[in-house]
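Fold and contact review
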Amino acid sequence: MNMNAFYLLVDRYLPRRLQSKLSLLVTALLIFHISLIGALFSDLSEELLREQISQRALEVAHAVAENPLTRAGIMARDTDSLQRFTQDLLSKTEAEYIVVGDRDEIRLSHPNPDNIGRHFVGGDLGPALREGKEYSSEAIGTLGPSMRGIVPVYDWNNTIIGFVAVGYMTNHINEIIHQKQREILGYIAVVLGFGVIGATIIARGLKAAIMGLEIHEIGALFLERNAIIGAIREGIVAVDGKGCLTYVNQAARGYIGERFEGKLRGRALAEICPGSDLVRAIQAGLRVLDAEMIMAGKVMLVNVVPLEKPSEGSVASFRPKDELDRLTRELSHMQEYSELLRAQTHEYSNKMHTIAGLLQLGAHQEALDLVINEASGYQELVRNLADAVPDPVIAGLILGKYNRACELKIDLEFDPENSFSDLPAALNRETLVTILGNLLDNAFDSVREKGPSGLVRLFLTDLGSDLVMEVEDSGGGIAAEIADRLFENGVTTKKGSGRGTGLALVKRAVDSLQGQITFAEGELGGALFTVIIPKRTGPST
């Protein structure tokens, strides 16, 4: 039977509850081992008892054989003196019988006087009478089965003249052995009793340690945990108190361990991500939330949560920052598209109401002129954009901002001489959208704060080795007190919360493209922002 079949058999016939199953298994194992040890001790005690009794029989037989009365009684064949002597010794020793005989195996003394003068029964005197050996043997005599010690008797000339046999009955020996075995069984019962109590305590403690869960529940939770963590796109690692990995999900392996072969479990995190901020945070037992860290050459957003005891380790989750940035950009684009549609809807709703009013008043010519003017202005902008800015992303942004400006009653002037067609393929369009979109939004806000209407100019050129973008407005300009820290996050003169982030984003985007941004007072009286971006040094998309 293989081990799997054994486990299935055990699981089938044992109780389903973990505590009962564990108690029975521990108790059964304890019974098996104690029974085995008890059997070994029983056999060992039986052997020791038999060896001690045989040794005692030899010692008594040797003492009787060395006694001069025995030697003289055999030589004189004085059975009366030998009988009195041996019977007196029986009362002083624990022996069952003492038999003295001559060289012809004729008994000269015996516990039963009727057997005196008869041949010794057992057939085991040969080594003593012929070879002069002292030994013990088991044989069946007239008194029954016994263990006896046999020693030869020598005369004054060192000649074998007889023998002495001292015996212990086998049934009495077995009673002693059984008594010792019963004592061992008593000890086994006591040990088993304590073992059952201990098994119950252990099972109850284990049950409490695993929060009362059964085996099948633990297995189900393990499978569920693996499935849940495996479905998470974030990398998740668990580290023990020594800084070694105890768990790595598939996403984490793809982020930090794809260059390592074999299992990552058991390997030091410092070996996988040498010198990373994550290793230092875990070693210090810090709690970190949404922190940017460099791991395996990638910028990651990392969360680290130490376990209840910092010495037990920590759990960390992380994901590439560029994925979050991509989602943020997509959301920003969706917001821009939504704003564009809202602006277009609002603007054309106003125009439709105006045209409807003119028609109702009978001002047909004025209504026609409004339609023609609106169509021609919008079509002219679209045509200029198509020629000057062939990139659909940048052109779509400008068109959306134009509609926003119309809604705000702001003139957005787009110079027909603009040229923005020589955009390197490796240049990140989304970064350009961030720069241009935020500059135009800031210009709109500045114009609105000054009055109900205003003008914003946009100039783009790609002549030479640089891309140049200029945004000028007729607003209030840049306040002197914030001019030296204009591009810091949160710096603004506008009212309301959530302000002061647009120019900080622009500065960060310009720096990422290795460009420059400057500002000055423009011809319209407001601010003039100029952005210069090298064509050949922009990062790849």
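Within each chain, residues carry numbers counting from 1 in the order of the written sequence. With pLDDT at 70 or above as the cut-off, local features in this predicted model cover only qualifying residues; side-chain atom pairs require 80 or more to be listed or tallied, and sums for whole chains, interfaces and linings still use all residues. Excluded from the side-chain calculation are hydrogens and water; included are all heavy atoms of the structure.

A closer look at the overall build of the chain
Strands here are runs of E lasting at least two residues and helices are runs of H or I lasting at least four, both read from the DSSP assignment and numbered beginning at the N terminus. A count of helical and extended segments in the chain gives 15 helices and 15 strands. Between buried and exposed lies partly exposed: a residue is buried under 20% and exposed over 50% of the maximum accessible area for its type, with that area taken using a 1.4 Å probe on protein chains only. Across the 541 residues of the chain, 40% fall into the buried class. Note on contacts: a residue pair qualifies if any of its non-hydrogen atoms lie within 4.5 Å across the two residues. Long-range pairs, those at least 24 residues apart, make up 55% of the contacts in the chain with a sequence separation of at least 6. Accessible surface, the chain as shown: approximately 30,800 Å² in total, 57% of it carbon and sulfur. Surface accessibility follows the Shrake-Rupley procedure with a 1.4 Å probe radius. Residue values consider only the protein chains on display as shielding.

Things to note about the sheet that holds strand E4 (residues 144-154)
The 5 strands are arranged E2-E1-E5-E4-E3 in an open sheet whose pairing can be described as antiparallel. Looking at the sheet topology across the chains shown, the edges are occupied by strand E2 (107-109) and strand E3 (135-141). Within the sheet, the average angular offset between the axes of one strand and its neighbour, ignoring direction, is 35°. Two strands qualify as a pair provided that DSSP identifies no fewer than 2 bridges between them. Of the strand pairs in this sheet, strand E1 (residues 97-102) and E2 are connected by 2 bridges, and their pairing is antiparallel. Across the sheet, residue Val-100 finds its bridge partner in E2, namely Ser-109. Interaxial angles span 0 to 180 degrees and are taken between N-to-C directions of axes, which are lines fitted to C-alpha atoms, for helices over the stretch in contact. Lying on the sheet, helix H3 (residues 68-76) is in contact with E1, E2, E4 and strand E5 (160-169); it crosses E5 at an angle near 120°.

Some details on helix H13 (residues 392-407)
One less than the number of residues in a helix, times 1.5 Å, gives the span that helix is expected to have. For H13, which comprises 16 residues, the first-to-last C-alpha distance of 22 Å matches the rise-based estimate of 22 Å (1.5 Å per residue) to within 8%. For H13, the complete set of buried residues consists of Ile-394, Ala-395, Leu-397, Ile-398, Gly-400, Lys-401, Tyr-402, Asn-403, Ala-405, Cys-406 and Glu-407. Here a polar contact is taken to be a pair of N or O atoms separated by no more than 3.5 Å, where protein atoms must pair a possible hydrogen donor with a possible acceptor and residues adjacent in sequence count only if both atoms sit in side chains. Sitting at the amino-terminal end of H13 is Asp-391, which places a side-chain oxygen 3.1 Å from the backbone nitrogen of Val-393. Phi turns positive one or two residues past the end of H13, at Lys-409, with a value near 65°.

Quick notes on the packing of aromatic side chains
We call Phe, Tyr and Trp rings a pair once their centres come within 6.5 Å, taking the six-membered ring for Trp, and we label the pair stacked below 30 degrees between planes, edge-to-face above 60, and tilted otherwise. Scanning the model with the defined rule gives 3 aromatic pairs in all. With centroids separated by 5.2 Å and ring planes inclined at 70°, the aromatic side chains of Phe-120 and Phe-163 adopt a geometry described as edge-to-face. Here Phe-120 is found in the loop between E2 and helix H5 (126-131), whereas its partner Phe-163 is found in strand E5, with 43 residues between them in sequence. Taken together, the aromatic side chains of Phe-487, Phe-519 and Phe-529 make up a single cluster linked through ring pairs.

Some points on a nonpolar patch on the surface
On the surface, a nonpolar cluster with roughly 420 Å² of combined accessible area is contributed by Leu-29, Phe-32, Leu-36 and Leu-40. Position of Leu-29 relative to the elements: it lies in helix H2 (residues 18-66). Two joining distances apply to patches: 9 Å for like charges and 5 Å for nonpolar side chains (Val, Leu, Ile, Met, Phe, Trp, Tyr), and every residue must have over 30% relative accessible area and no salt bridge. Criterion for a salt bridge: a side-chain nitrogen of Lys or Arg within 4 Å of a carboxyl oxygen of Asp or Glu.

What to know about the nonpolar core
Counting residues in hydrophobic clusters, the biggest one holds 45 residues, and the most contacted among them are Val-389 and Ile-435. Contributing elements (two or more residues each) for this core: helix H12 (364-388), H13, strand E11 (410-414), helix H14 (429-450), strand E12 (454-461), strand E13 (466-473), helix H15 (502-512) and strand E15 (527-534). Broken down by element, this core gets its largest block of residues, 9 residues, from H14. Once residues lying within four places of it in the same chain are set aside, the contact partners of Val-389 are Asn-384, Ile-394, Ala-395, Ile-398, Phe-414, Phe-420 and Leu-460. Each nonpolar core is a collection of buried residues, namely Ala, Val, Leu, Ile, Met, Phe, Trp, Tyr and Cys, held together in the definition by side-chain atoms within 4.5 Å. Leu-58, Val-100, Tyr-168 and Ile-177 belong to the second-largest nonpolar core, a separate cluster that totals 26 residues.

Things to note about the pairing of strand E9 (residues 298-306)
Bridge count between strand E8 (residues 288-295) and E9: 6 bridges; the pairing is antiparallel. Its bridge partner lying in E9, Met-293 is registered against Met-300. Two strands pair when backbone bridges link them, and E9 and strand E10 (residues 314-320) are joined in this way by 7 bridges, in the antiparallel orientation. Bridge pairing in E10 places Val-302 opposite Phe-318.

Quick word on the environment of Asp-473
Looking at the secondary structure, you find Asp-473 in strand E13. The buried category is assigned to Asp-473, whose relative accessible area is 4%. C-alpha of Asp-473 to C-alpha of Glu-523: the two residues are 50 residues apart in sequence and 8.8 Å apart in space. In this structure, Asp-473 is in contact with Ala-443, Ser-446, Val-447, Leu-455, Val-456, Leu-524, Gly-525, Gly-526 and Ala-527, ignoring residues within four places of it in sequence. A polar contact of 2.8 Å, which involves the side chain of Asp-473, links it to the backbone nitrogen of Gly-475.

Things to note about the pattern of salt bridges
Considering all chains together, one arrives at 12 salt bridges under this definition. Note that Lys-92 and Asp-88 form a salt bridge whose closest N and O atoms lie 3.3 Å from each other. Taken together, the residues Lys-92 and Asp-88, both in helix H4 (residues 79-92) and 4 residues apart, mark about one turn of the helix. Exposure remark for Lys-92: the relative accessible area of 62% places this residue in the exposed category.

Let's talk about the packing of H13 against H14
Between H13 and H14, the shortest axis-to-axis distance is 10 Å and the interhelical angle comes to 15°. If you check the angle between H13 and H14, you find them roughly parallel. Handedness of the H13/H14 crossing: right-handed. In this structure, H13 contributes Val-393, Ile-394, Leu-397, Ile-398, Lys-401, Arg-404 and Ala-405 to the contact, and H14 contributes Arg-429, Leu-432, Val-433, Leu-436, Gly-437, Leu-440, Asp-441, Phe-444 and Arg-448. The labels follow the angle: roughly parallel below 35 degrees, roughly antiparallel above 145, roughly perpendicular from 65 to 115, and oblique for the rest. Crossing handedness is defined as follows: a turn of the near helix away from the far one that is anticlockwise and smaller than a right angle gives a left-handed crossing, while the clockwise case is right-handed.

A few points about the packing of H14 against H15
Two numbers describe how H14 lies on H15: the axes approach to 9 Å, and their chain directions differ by 150°. Judged by the inter-axis angle, H14 sits roughly antiparallel to H15. Note that H14 runs across H15; the crossing there is left-handed. Taking contact as the criterion, the partners of Thr-431, Thr-434, Ile-435, Asn-438, Leu-439 and Asn-442 in H14 are, on H15, Gly-502, Leu-503, Leu-505, Val-506, Ala-509, Val-510 and Ser-512. When the residues that make up the contact of H14 with H15 are grouped by side-chain class, the tally is 7 nonpolar, 6 polar and no charged. Basically, the charged four are Asp, Glu, Lys and Arg, the nonpolar ten are Ala, Val, Leu, Ile, Met, Phe, Trp, Tyr, Cys and Pro, and anything else, Gly included, counts as polar.

By themselves these figures say nothing about function.
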